[in-house]
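Geometric and topological summary
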Amino acid sequence: MEIHIGNRVAEVELVSKEDNKVVLTIDGKTFEADVVMAENGTCNILMDGRSSNAQLIRRENGKNYKVNTHYSSFNVEIVDSQAKYLRMRKKGEEEQNDCITSPMPGKVVKIPVTVGQEMKAGDTAIVIEAMKMQSNYKVSSDCRIKEILVQEGDNITGDINNIRTDCIIFRTDCIMEEKNNAYATFEERDRIASLGGGVEKIEKQHESGKMTARERIEMLLDKGTFVELDKLMVHRCTNYGMDKNKIPGDGIVSGYGKIDGRQVFVYAYDFTVYGGSLSASNAKKIVKVQQLALKNGAPIIALNDSGGARIQEGIESLSGYADIFYQNTMASGVIPQISAILGPCAGGACYSPALTDFIFMVKEKSHMFVTGPDVVKTVIHEEVSKEELGGAMTHSSKSGVTHFMCNTEEELLMSIRELLSFLPQNNMDETKKQNCTDEVNREDATLDTIVPADPNVPYDMKDIIERVVDDSYFFEVMPNFAKNIIIGFARLAGRSVGIVANQPAYLAGVLDIDASDKASRFIRFCDCFNIPLITFEDVPGFLPGYTQENNGIIRHGAKIVYAFAEATVPKLTVITRKAYGGAYIVMNSKQTGADVNFAYPSAEIAVMGADGAINILFRKADAETKAKELEAYKEKFATPYQAAELGFIDEIIYPRQTRKRLIQALEMTENKMQTNPPKKHGNMPL
Ligand code: HXC
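Residues numbered from 1 in each chain as written. Predicted model: local features only at pLDDT ≥ 70, side-chain atom pairs only at ≥ 80, totals over all residues. Heavy atoms only, no water.

1. Concerning the packing of helix 13 (residues 513–528) against helix 15 (residues 553–566)
Rules: To get an axis, a line is fitted to the C-alpha atoms, and for a helix only the part in contact is used. The angle between two axes follows their N-to-C directions and goes from 0 to 180 degrees. In DSSP terms, a helix is any run of H or I states spanning at least four residues, a strand is any run of E spanning at least two, and both are numbered starting from the N terminus. Should an angle fall under 35 degrees it is called roughly parallel, over 145 degrees roughly antiparallel, and 65 to 115 degrees roughly perpendicular, with every other angle called oblique. The crossing is said to be left-handed when, going from far helix to near helix, the turn is anticlockwise and less than a right angle, and right-handed when the turn is clockwise. By the convention used here, residues are in contact when the closest approach between their heavy atoms is within 4.5 Å.
Interhelical geometry of helix 13 versus helix 15 gives an angle of 20° and a closest axis separation of 8 Å. Looking at the two axes, helix 13 sits roughly parallel to helix 15. For the crossing formed where helix 13 meets helix 15, the hand is left-handed. Residues Ile-513, Ser-516, Asp-517, Ala-519, Ser-520, Ile-523, Arg-524 and Asp-527 of helix 13 touch helix 15, and the partners they reach there are Ile-553, His-556, Gly-557, Lys-559, Ile-560, Tyr-562, Ala-563, Phe-564 and Glu-566.

2. Details of the pairing of strand 28 (residues 495–502)
The test is simple: Buried, partly exposed and exposed residues are distinguished by accessible area as a fraction of the type maximum, computed with a 1.4 Å probe on protein chains only: under 20%, between the cut-offs, and over 50%, respectively. One bridge is not enough; two strands pair if DSSP finds at least two bridges between them. Call a crossover right-handed when, viewed with both strands pointing away from you, the route from the first strand across the helix to the second goes clockwise.
The buried fraction of strand 28 is high, at 8 of 8 residues. Side chains Arg-495, Val-497, Ile-499 and Ala-501 of strand 28 all project onto a buried face; the interleaved residues Ser-496, Gly-498, Val-500 and Asn-502 project onto the opposite face, where all are buried too. By the bridge criterion, 8 bridges tie strand 27 (residues 485–492) to strand 28 in an arrangement that is antiparallel. Residue pairing in the sheet places Ile-485 in a bridge with Asn-502 of strand 28. With antiparallel pairing between neighbouring strands as the criterion, strand 27 and strand 28 make up a hairpin whose turn holds 2 residues, including Ala-493 at a positive phi of roughly 50°. For the crossover that starts at strand 28, traverses helix 13 and ends in the parallel strand 29 (residues 533–539), the hand is right-handed.

3. Quick word on the pairing of strand 31 (residues 596–599)
Residue alternation in strand 31 divides its side chains into two sets, Val-596 and Phe-598 and Asn-597 and Ala-599, and both sets are buried. Relative to strand 31, strand 30 (residues 571–580) runs parallel, the two being bridged by 4 bridges. Among the inter-strand pairings, Val-574 is bridged to a residue of strand 31, identified as Phe-598. On the question of chirality, the crossover connecting strand 30 to the parallel strand 31 by way of helix 16 (residues 581–586) is right-handed. Across 2 bridges, strand 31 lies against strand 33 (residues 651–652) in parallel orientation. If you follow Phe-598 over to strand 33, its bridge partner there is Glu-651.

4. Considering the nonpolar core
What counts, and what does not: For our purposes a nonpolar core is just a set of buried Ala, Val, Leu, Ile, Met, Phe, Trp, Tyr and Cys residues, chained together by side-chain atoms within 4.5 Å.
Ranked by internal contacts, the top residues of the largest apolar core, which has 58 residues, are Ile-301, Phe-489 and Val-500. Excluding residues within four positions of it along the chain, Val-500 makes contact with Ile-485, Ile-486, Ile-487, Ala-519, Phe-522, Ile-523, Leu-533, Ile-534, Thr-535, Phe-536, Phe-564 and Met-587. The next biggest cluster of nonpolar side chains, apart from the first, holds 29 residues, and it includes Met-461, Ala-490, Val-497 and Ile-663.

5. Here we look at the side chain of Lys-571
Basically, it comes down to this: Counted as positive: Lys and Arg. Counted as negative: Asp and Glu, with His and the chain ends omitted from the count. Here a salt bridge means any side-chain nitrogen of Lys or Arg lying within 4 Å of a carboxyl oxygen belonging to Asp or Glu. Between N or O atoms, a polar contact is any pair within 3.5 Å; within protein, one atom must be a potential hydrogen donor and the other a potential acceptor, and residues adjacent in sequence are included only when both atoms are from side chains.
By the element assignment, Lys-571 lies in strand 30. For the buried Lys-571, no salt bridge exists, and the shortest N-O distance to an oppositely charged side chain is 6.1 Å, to Asp-595. Of note is the side chain of Lys-571, whose polar atom sits 2.6 Å from the backbone oxygen of Phe-564. Not counting chain neighbours up to four residues away, the residues in contact with Lys-571 comprise Leu-533, Phe-564, Ala-565, Asn-588, Thr-592, Gly-593, Ala-594, Asp-595, Val-596 and Lys-672.

6. Quick look at the site of the ligand
What counts is decided by this rule: Throughout, the term near means that a residue has one or more heavy atoms lying within 4 Å of the molecule or strand in question. Residue exposure ignores everything except the shown protein chains as possible cover, and the areas themselves are Shrake-Rupley values with a 1.4 Å probe. Charged means Asp, Glu, Lys or Arg here, nonpolar means Ala, Val, Leu, Ile, Met, Phe, Trp, Tyr, Cys or Pro, and polar covers whatever is left, Gly included.
Near the ligand, the surroundings consist of 17 residues, among which Lys-201, Gly-275, Gly-307, Ala-309 and Ile-311 are the closest. In the model, an oxygen atom of the ligand is placed 2.9 Å from a nitrogen or oxygen of the Gly-275 main chain. Contact with the protein chains hides 51% of the accessible area of the ligand, taken as 1,000 Å² for the molecule alone. Of the residues forming the shell around the ligand, the biggest block, 3 residues, is contributed by helix 5 (residues 315–331). Partitioned by chemical class, the residues of the shell around the ligand number 8 nonpolar, 6 polar and 3 charged.

Written as structure tokens, this is what we have:
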């Protein structure tokens, strides 16, 4: 069941239903509503403004609710909705699940028909009262009433332009088949195309817990904004009798629409058509929207659910993939590219998502692998489940392929919307500044006590980040991979920023191969799309040891310094505690081009930790001398003062003032003008 909150759809569970009262949980929060919910029905909540993770604060009169989202309050109105149907059947024909929507919202005042009644085209099936006027609603062709599910007195919603389950008033196959009528022919062809692989395949898709391509797009985009392209395109394959089975749309639903009022392009693999496999024709559809997105400077979102190359087409399908990969590469760094994996994504098909900026997966429902478990078993005699090989958990925590793991498709689609709110439309655009209700000069005294006095005691860097950014809202990216570094988006004074932070609570915040990869790609993304970078630093150094060295910590670690040094967006750093050695340099140091570098009084900016230094300098000294020299070293080097004296940091700040200082620095750097030397492109270590 779904609830629409503004343009977003929240996860809703019906807890109990008693007469007209229902208890629902929305995104895990419970509240009561006065709505009549039909089985499998939907309940719309209309809401002014954007939102997520709605939380009920209090219920006001009637059907109005006060809901808290992102620390802002919105008024919510629950609109009565009932997914009820009059089920009808065309005379002499098999039942189909076509639907006719109510022409307008209103109240059913009369149903002058009974089950089994034969109808002629033009006979009245229902009388609806709307705007104090009663209208007869007539059937458009001969049919027989199969089932009546609405009652007189029921309220129905209506949306003639946009078929939604909550405005269907009856299901029937009584579509007019007037062969000479151009409109009827078009309507019929359009109707068939809308069904993709057909009702049975759609049911199978639903049974496997997945939405259809159209349902996904509908949920992702602002209501009623989707414009579909190439809906009637078909394949041209003649192998294996394929010429006798052409399905309009050919397994891709593509086009454009809006998210939070901003233009986006989208394509979705339709698993109900040949398992969403890629054909030469549907690859052309994808390339068309990719080119449109690039030409018109708007993000593109791919919803993957596919069995890979359409086997019947041979290498024509492979060629289609190549065209898609080429467009992915051309668009990289020009427009944001987002991939959702909502089912299988196997073989070379994985490389389109891999070429995009962000990948989203659904727990237990989506799988990505270059070679599936069966082939793995045959070729290298290794037995591995598809979940272990390429499930969302594997890719979000071990391989680092995916950036977001979501519990449900709905959550995934809403997270894409959320992500886009932090991004500009393209590399020439600025991010959209949001209204900021969080006081820009807000001080937080707790910040003065978060960093422990003992340098060996861990703390959670997210406690600092969340206290500094607008409304404590931090949209973390790759939260399960390389947890020793934190990346994600937040806002400061309403402006999007990218955050890169060491995490002392995990592996002491050390930099290793995975952390280097995670951070550097994120830094480059932010730089591509004009998003200022803020670094929170507490790093004891690079992880030493055989494994790291043998796997190339040198070339991987070099990526971070490359990415930071190359970035021309405003770059700010806050050193909260340790900033040792090479790790100090690579974490957005002043010398590699940072614009403003702050340090807390607790900062220790030194060539290396005190113990290691004294063990080298006073290797042969007795214990007493070593202890004395250790204290002297700490006093001299384990502070921010040497760095402040040399101008390596700009200011030592009170932690409680971090928010204010960062906002001031962001304002100061707002019109930063910096370009790197002209070049074809750099050669970043990999
Ligand atoms: C044509 C395909 C297909 C494909 C699935 N179907 N994959 N048709 N080409 N690649 C069809 C099935 O025949 C079936 O048709 C329908 O889609 C649904 O498939 P099922 O197997 O019934 O569904 P399910 O059990 O959910 O399994 C889904 C699946 C499985 C895991 C994706 O179908 C599968 O393993 N398919 C093959 C995957 C694969 O090896 N692809 C690699 C192709 S080569 P009916 O009519 O029975 O409903 C490749 C190289 C690309 O991709 C390189 C690019 C650079």
